[in-house]
Amino acid sequence: MNAVSEDTGGASAGRAVLEQLAEAKRVATTFTGWNGGRQDVSDTTLRTILAARGAPADTPAQAEESLREALAGPWRRVLPPTVVVRAGHPVSVAVHVAPGTTVRAWIDLEDGGTAQLPSPGEPEESAVVDGTEIQRTQLALPAELPLGWHRLHVDTGGVQADSVLVVTPDRLPGPGRGGQERNWGIMAQLYSVRSERSWAVGDLADLADLSAISGVSGAGFILINPLHAAEPVPHVEDSPYLPATRRFFNPLYIRVEAVPEYSYLPSATRAGIEARAAGQQALNHDARLLDRDTSYAAKLQSLREVYQVPRSPSREQQFQAFVRGEGAGLESFALWCALAAQSSAGAPEWEAGLHSDYARAKAVELSADIRFYQWLQWICDEQLENAQRAARRAGMGIGIVHDLAVGVHPGGADAWTLRDVLVPEVSVGAPPDMFNQVGQDWSQPPWDPDRLAESGYGAYRDMLRTVLRHAGGVRVDHILGLFRLWWIPRGEAPGHGAYVYYDHEALVGILALEAQRAGAVVIGEDLGVFEPWVQDYLAERGVLGTSILWFEHTADGPRQPEDYRPGALATIGTHDLPPAAGYLAGEHVRLRDSLGLLNRPLEEERALDREATSAILDLVREHGLLSESAGEQETVEALHRFLAETPSALIGVGLVDAVGESRIQNQPGTSTEYPNWRIPLGGPDGAPVLLEDLAGNQRFRSLAEVMNESLRGAPPAG
C-alpha cells in the first residue's frame, strides 16, 4: 500500500483509512470556514490529533490497526464505563457477553436502595473479538429511576462488571425567580470593581456590596467573571479565563479584614497589615492598570499572619469539616500550590506526576503549607457564601451567577492533578471566524472524551459542585465545547486544527443534574461557529442561550425584538467587545486595526461596521425608542429598552455601560499587545468609579430605572 500523502483532499486510500479512523474516534475531517465554505482538515493535523486520541496513524498500516482497535474496544467491555440517561425516558444499555451466558443485573441507588432489573433481551448482534465470539444484548433500564449518581451492576455467571449510572433531569426549570418571569441583572468583572476598602483589586466583600447595591436597584442577578484560582504566588495570570484550576477559587479575592480571626491579631501584627492595606487602598483612586501581583503579594503575607491566629473550637471544626468534604481533590490542589510556590512551571519535578514517590514525599515535607492553602479555600468558600446571602437579602431572585471558563492553564493545577483525563499534546481554541479572522488559540488542554467517561466524569462533577455551591446560576463559557472542541496541535496556527466531538448527552446532562440540585440557572455562551441543532438541544434541556445585540441578524437585517429567543440572556455586548459607548464610536475596529487583526482594509472594515451599527440604530428608532438627536447616554439607554422589548428571559446590563466606560477588557487574539483584564472600572472621563459612588451615580440610577420601567412598569420596591 502506498504511503499516506499530504493534503490529498480525500482522494487516496491512505486518506480513506484516516477518515474512517477519525469517524471512529469522533474527529471531524472537515469544517466550515469563516467565509462559509467547506474546508478539509489536513492529513498532518488528523494524524496528530488521532495520536492524541490514542489512535496513532503515521502509516496506513498503523491507521488500520488503530481502526481495528477502536471498533473492537466496546466489544471487549461487558458494560460501558459510564451511562448517562434522562429521567422519564426509557433507555437500554448494551451488554457484551459470551453466547449462552446468563446475566443478572441490578442498580445500587445513590440513597442506598437497590433496584433489580429484568434479564437482557435476546442477542441482537455478534462479533469475533480476539478470537472469541461475543454477543451484544440490550439491558432495559426503568424510566422512573430517581435523579442522581447510581451504580449499575451485572453478573455474568460469577464474573461481575459495573458502570456509573447518572440519571439527569430531562429539562431544567425556567429562570423565573422572586415572582418575576423575566429578570435583568448586572454583568461585572469583579477584579475591576473597587471600593475604598479594596486592596487595589475588587474582592468578595466588594461582590457582596455590589450585589446589595444592584439588588435594591431592581437587579435580579449579578453575573461575574470566573473566580477560578490562578498561581499560588505572584506572578499570577491576569486572564480569569486561563486559570490554574476550574474547581477552586482565587484567594486574590479574599477580603483580609473580613476573616473572623483578623479581630484577634496581636496589635503589632495588625498594624503591619493595616499599613499594607493602606498602601493598596491608595491605588483605588488610580486610573492606571490593575496590578494583581502587588495586591496578591500583600494579601498573602497578611493572610499567613491571620492563619496563625488560633481558631475557636467551633471554627476549627468547621474548617476540618470543609477539608473532609472536599476530600482528595482539595488535598491534591493544595499540594500543587505548595509545590508551585517553590518550583517553576517548567521544572523537571512536575514530570513525576501526582501519584509519584516524589509527590508523596513532598506531601509530608510541605504538610504545613498544604494546610494553609486548604485554609485559603475555606475562607474563599465562607466569603462566597456571604456574598450570595447578601444578594438574596437585597431582593435578588437569582443572585450571583458564576462564570465557568472553557479550560485551564497548561502548567496549572488541573493540568497536573487531572492529567489522566486531559490531553496535553493539543490546545483548545476556535477556527477563524468573521470577527477573529486568524482564529484563536486559548492554550488550554482539553478533556479526553474516552478517559473522562472511564473515570465516571468525577472531575467534571466535582468542578460543577464547587462552582455551584454558593451560586444562583452559572454561565458556561463556550458551552459549544460540551458538544465539540476545536483541537489545535501544539505549536500550530489556530486554523490548523480539527473538531473533536464529545458525548453531549453526558456533559449537558450532568451539568443539568448538578445545577438543579443547587437550584441554579444555567446560561450557555453559544456564540461562534456551531451546528444549527445545538441551540435547539440546549433549549430543550432548559439551558439558556446568549443573544448579543450587535450579532443578532437575519438575512433581512437586524433581528426584530419579538424574534429573539425567549430562553436566552440578551445583552448589548460581551467582555470581548468594547462597552456600548466604545462600540458606537467604532473602538473595536480602530483597536483591531492597530493590532494587525484585520483581514480587510481599514476603511472597508469601518464602512461595513458603520453600516451594521446604523441598521441596528435605525431599527431602534423604528420602535420609537431613540431620537435622531440622542446623545451617547440616551442611545445606550435606548438600546437597553430595545432588549427589554424582546422575550428573552434575562437581560444583562454591563456595569461598564451603566457608568459610561468605553474601554474594552479583553481583545481576543492578543496577549501582551493589549492590557487584557487589567482595566479598572471608570466613567466617561476615565476616572475610577468606586462602589461608594454607584448609588449616587446618575448614569447608573438612570439605567436601572430604564430597566425597571421597561420590564416591570415600576421602580423596585424599597
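To be clear, the structure that these remarks concern was listed above.
A brief structural summary. (Residues numbered from 1 in each chain as written. Predicted model: local features only at pLDDT ≥ 70, side-chain atom pairs only at ≥ 80, totals over all residues. Heavy atoms only, no water.)

Turning next to the environment of D556. Mapped onto the elements of the fold, D556 is located in the loop between β21 (553–554) and β22 (557–558). In this structure the C-alpha to C-alpha distance between D556 and V309, which are 247 residues apart in sequence, comes to 66 Å. (Helix = DSSP H or I, 4+ residues; strand = E, 2+ residues; numbered from the N terminus.)

With that settled, consider helix α4 (residues 204–216). Compared with the 18 Å implied by 1.5 Å per residue over 13 residues, the 18 Å span of α4 between its first and last C-alpha is a close match. Listed as buried for α4 are L204, A205, D206, L207, A208, L210, S211, I213, S214 and G215. The positive-phi residue at the C-terminal boundary of α4 is G218, with phi of around 110°. (Expected span 1.5 Å × (residues − 1). Buried < 20%, exposed > 50% of the residue type's maximum accessible area, 1.4 Å probe, protein only.)

Packing of helix α13 (residues 504–518) against helix α14 (residues 533–540) brings their axes to within 11 Å, and their N-to-C directions diverge by 35°. The handedness of the crossing between α13 and α14 comes out as right-handed. Only W533, Y537 and L538 of α14 make contact with α13, whose side of the interface consists of H504, E505 and V508. Classifying every residue of the contact of α13 with α14 by side-chain character gives four nonpolar, one polar and one charged. (Axes fitted to C-alpha atoms, helices over the stretch in contact; angles between N-to-C directions. Left-handed = near helix turned anticlockwise from the far one by under 90°. Contact = heavy atoms within 4.5 Å. Nonpolar A, V, L, I, M, F, W, Y, C, P; charged D, E, K, R; others polar.)

Read across the open sheet, the four strands follow the order β15-β14-β17-β18; overall the sheet is antiparallel. The sheet is open, and its two edges are formed by β15 (440–444) and β18 (498–501), each paired on a single side. Ignoring strand direction, the axes of neighbouring strands in this sheet form an average angle of 45°. As defined by bridge partners, strand β14 (residues 426–430) adjoins strand β17 (residues 484–489) across four bridges and the pair is classed as antiparallel. Each bridged residue has a counterpart across the sheet, and for S427 the counterpart in β17 is I488. Running at roughly 110° to β17, helix α2 (residues 43–52) makes contact with β14, β17 and β18 of the sheet. (Pairing = 2+ DSSP bridges.)

One finds W184, I186, W336, W375, L655 and L694 to be the most contacted residues of the largest nonpolar core, which totals 112 residues. Not counting residues up to four positions away in its chain, the partners in contact with L655 are I186, M187, A188, V193, L210, L681, L694 and F700. Counting residues in hydrophobic clusters, the runner-up holds 68 residues, among them A52, V164, V408 and Y460. (Core = buried A, V, L, I, M, F, W, Y, C linked by side-chain atoms within 4.5 Å.)

A few words on the pairing of strand β7 (residues 125–129). Examined bridge by bridge, β7 and strand β8 (residues 132–141) share five bridges and lie antiparallel to one another. Residue pairing across strands places S126 opposite Q135, the latter belonging to β8. Count of turn residues in the β7/β8 antiparallel hairpin: two residues, of which D130 carries a positive phi of about 55°.

Glancing now at the side chain of N225. Within the fold, N225 resides in the loop between β12 (221–224) and α5 (267–281). Separated by 2.5 Å, the side chain of N225 and the backbone nitrogen of L190 make a polar contact. (Polar contact = N/O pair within 3.5 Å; in protein donor to acceptor, adjacent residues only side chain to side chain.)

What the rule picks out here adds up to 18 aromatic pairs. With a centroid separation of 4.8 Å and an interplanar angle of 70°, the aromatic rings of F31 and W486 are classed as edge-to-face. On the criterion of sequence distance, the pair formed by F31 in strand β1 (residues 30–32) and W486 in strand β17 is long-range, its members being 455 residues apart. In terms of burial, F31 and W486 fall into one category: buried. Through a chain of ring-to-ring contacts, the aromatic side chains of F248, F333, W336, W350 and W416 assemble into a single cluster. Cation over ring: R292 sits above Y191, and NZ or CZ is 4.4 Å from the ring centre. Over the aromatic face of Y499 sits the side chain of R484, whose NZ or CZ is 3.6 Å from the ring centroid. (Phe/Tyr/Trp six-rings, centres within 6.5 Å; stacked < 30°, edge-to-face > 60°. Lys NZ or Arg CZ within 6 Å of the ring centre and 35° of its normal.)

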